[in-house]
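# Survey of secondary and tertiary structure
Now for the letters of each chain:
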There are 2 protein chains.
Amino acid sequence: MSTAQGARARARTEITAAIKDEARRQLAAEGAAKLSLRAVARALGMVSSALYRYFPSRDELLTALIVDAYDSLGAAAETAEKQVHDAGPLHRWTTVCEAVRAWAMTHPHEYALLYGTPVPGYTAPQTTVQAASRVGLLLIAIARDAHRDGTLSAPALPADLHPEATRMAADLAPDLPPEAVAALVAAWAQLFGLIGFEVFGQFHGVVEHREPFFRQAALRLAQGVGLAC
Amino acid sequence: MSTAQGARARARTEITAAIKDEARRQLAAEGAAKLSLRAVARALGMVSSALYRYFPSRDELLTALIVDAYDSLGAAAETAEKQVHDAGPLHRWTTVCEAVRAWAMTHPHEYALLYGTPVPGYTAPQTTVQAASRVGLLLIAIARDAHRDGTLSAPALPADLHPEATRMAADLAPDLPPEAVAALVAAWAQLFGLIGFEVFGQFHGVVEHREPFFRQAALRLAQGVGLAC
DNA sequence: ACACGGACGAGAGCAGTGCTCTTGCTATGG
DNA sequence: CCATAGCAAGAGCACTGCTCTCGTCCGTGT
């Protein structure tokens, strides 16, 4: 924060950043499972125990990487959307979807850290949730603009889902019709199903030309939430 | 295979099964990351090196568990479908979806093994693919029956996806229209997106009453592939 | 009937891991 | 100016996957 810190504090933030950088490098290269505190320390020319001055455990280091990855993903999605922000909601939607997919393809291990198997005894700290919700908020914002322009035709909902949908709407987007919010949440999960299958190799031998396939699926996803043109 | 084997061979298959059972127990209890060969050996009263007579590595043991898990999931889906096999395709579809979800909820760690982060240097051996495709084949069969009855109205497809769709159709279901196959594959991935988000806790604090939510999403998935009544 | 080869279990050991504790050193704030 | 706090280093503990060796015992072929 304040640049007018003592040399000690400055060194601390620098070393903390260096540790995260090296950890991120190893994460990108080998995956979270093979990320080793000792290897990080070795690469930085220090001894493993010294690293515990900066991160109290391996899981804490991983958590820091998770937050950074969520931010990186959110930033990628937001900058991509910003460039087509004046286009129609459908185009904005598919742009965001493709940006998320592109980020996942270029950061497969980070993606796995965010949306793959969770770490055994791990529960997301509060700092995570804000960073984690950026993509979702972006999709909601697109639907909100469409709703304001009157181009959002939310699909019908069965009666037994209505209370839950209104509850979700109150939490996530009070200005949107509950049916739209329910459809948005479902589309959100389905989007990461498509991306996860591609990143994790489930499409191997099944889908060959995955980019047009994904583009079409993202389009249908948008139509599923009622985004028209 | 043949029951008329020597005592030695019989003991081998028995011990192999016991190892897998204990490993499965530990997998279900703690997750794949914490599955330890030494702990398995300890629980079975043998020494860790003896276990290598039966599985050449930890990854091979995990692979065996993966195949079993795929079979367990496939069997659960198939038996659920069998009980509503005479109903309409829509009902059959949602039944299969809900059976897959139920299996995932009761076997979260096995689910993570199948559809979560893949093991670092792991590529699925040929023995896996057959077991892995059972759920997909079930969904295809439902669409096939609907197509035969004339109740399958496949959605339109952009021109650039047509060659890929016909290629997928030729591989997966030559008797179905390519648009239907493309929609099926997308729905397949999206289904596991919904389930994965629920199993991995991504819906925590977002979706509360997840069963009706999922039921509705599965229904819309079916409509997305063109299943009518 | 017997001898030999192969399967087997046990144990020691290697290289690696996360994490803790103690020991000095050094920079910072009162 | 000095006590205190932060810091790096090293040793060490309890694990892990995996390898190698060494007796032993079973099953098969001669």
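Just so it is clear, the model here is predicted, and its values are computed rather than measured.

## With respect to the packing of aromatic side chains
As enumerated under the stated definition, the model contains 22 aromatic pairs over all chains in all. When the ring of Trp188 of chain A is compared with that of Phe197 of chain B, the centres are 4.8 Å apart and the planes differ by 75 degrees; the resulting orientation is edge-to-face. Placement of Trp188 of chain A in helix 10 (residues 178-199) and of Phe197 of chain B in helix 10 (residues 178-199) is noted, with the two residues assigned to different chains. For the pair formed by Trp188 of chain A and Phe197 of chain B, the shared burial category is buried. Taken together, a centroid distance of 5.7 Å and an interplanar angle of 85 degrees make the contact between Phe203 of chain A and Phe213 of chain A edge-to-face. With Phe203 of chain A in the loop between helix 10 and helix 11 (210-225) and Phe213 of chain A in helix 11, the pair connects residues that are 10 residues apart, well separated along the chain. Its relative accessible area of 3% is what places Phe213 of chain A among the buried residues. An aromatic cluster of at least three residues, connected via ring pairs, comprises Tyr70, Tyr111, Tyr115, Trp188, Phe192 and Phe200 of chain A together with Phe197, Phe203 and Phe213 of chain B.

## Examining helix 10 of chain A
Residue pairs three or four apart in sequence face the same way in an α-helix, which turns once every 3.6 residues. All names here are of chain A. For helix 10, which comprises 22 residues, the first-to-last C-alpha distance of 32 Å matches the rise-based estimate of 32 Å (1.5 Å per residue) to within 8%. Taking burial as the measure, the 22 residues of helix 10 include 21 buried ones, the bulk of the element. In the stretch just after helix 10, Gly201 is the one whose phi turns positive, near 85 degrees.

## Some thoughts on the environment of Gly74 of chain A
All names here are of chain A. Position of Gly74 relative to the elements: it lies in helix 4 (residues 58-82). Looking at Gly74, the relative accessible area reads 1%, which means it is buried. Along the backbone, Gly74 and Gly136 are 62 residues apart, and their C-alpha atoms lie at a distance of 9.1 Å. When neighbours within four sequence positions are excluded, Gly74 is seen to be in contact with Arg134 and Val135.

## Let's talk about the protein's contact with DNA strand C
Taken together, the neighbourhood of DNA strand C is formed by 22 residues, with Leu37, Arg38 and Arg42 of chain A together with Ser49 and Arg53 of chain B sitting nearest. When atoms of DNA strand C within 4 Å of the protein are sorted by moiety, sugar and phosphate together comprise 49%. Here Leu37 of chain A contributes a backbone N or O atom positioned 2.7 Å from a phosphate oxygen of DNA strand C. Broken down by secondary-structure element, the contributors of at least two residues to the surface near DNA strand C are helix 1 (7-30), helix 2 (37-43) and helix 3 (48-51) of chain A together with helix 1 (7-30) and helix 3 (48-51) of chain B. Taken together, the residues that form the surface near DNA strand C break down as nine nonpolar, five polar and eight charged.

Thresholds applied
Residues numbered from 1 in each chain as written. Chains lettered and ligands numbered in written order. Predicted model: local features only at pLDDT ≥ 70, side-chain atom pairs only at ≥ 80, totals over all residues. Heavy atoms only, no water. Phe/Tyr/Trp six-rings, centres within 6.5 Å; stacked < 30°, edge-to-face > 60°. Helix = DSSP H or I, 4+ residues; strand = E, 2+ residues; numbered from the N terminus. Buried < 20%, exposed > 50% of the residue type's maximum accessible area, 1.4 Å probe, protein only. Expected span 1.5 Å × (residues − 1). Contact = heavy atoms within 4.5 Å. Near = heavy atom within 4 Å. Polar contact = N/O pair within 3.5 Å; in protein donor to acceptor, adjacent residues only side chain to side chain. Nonpolar A, V, L, I, M, F, W, Y, C, P; charged D, E, K, R; others polar.

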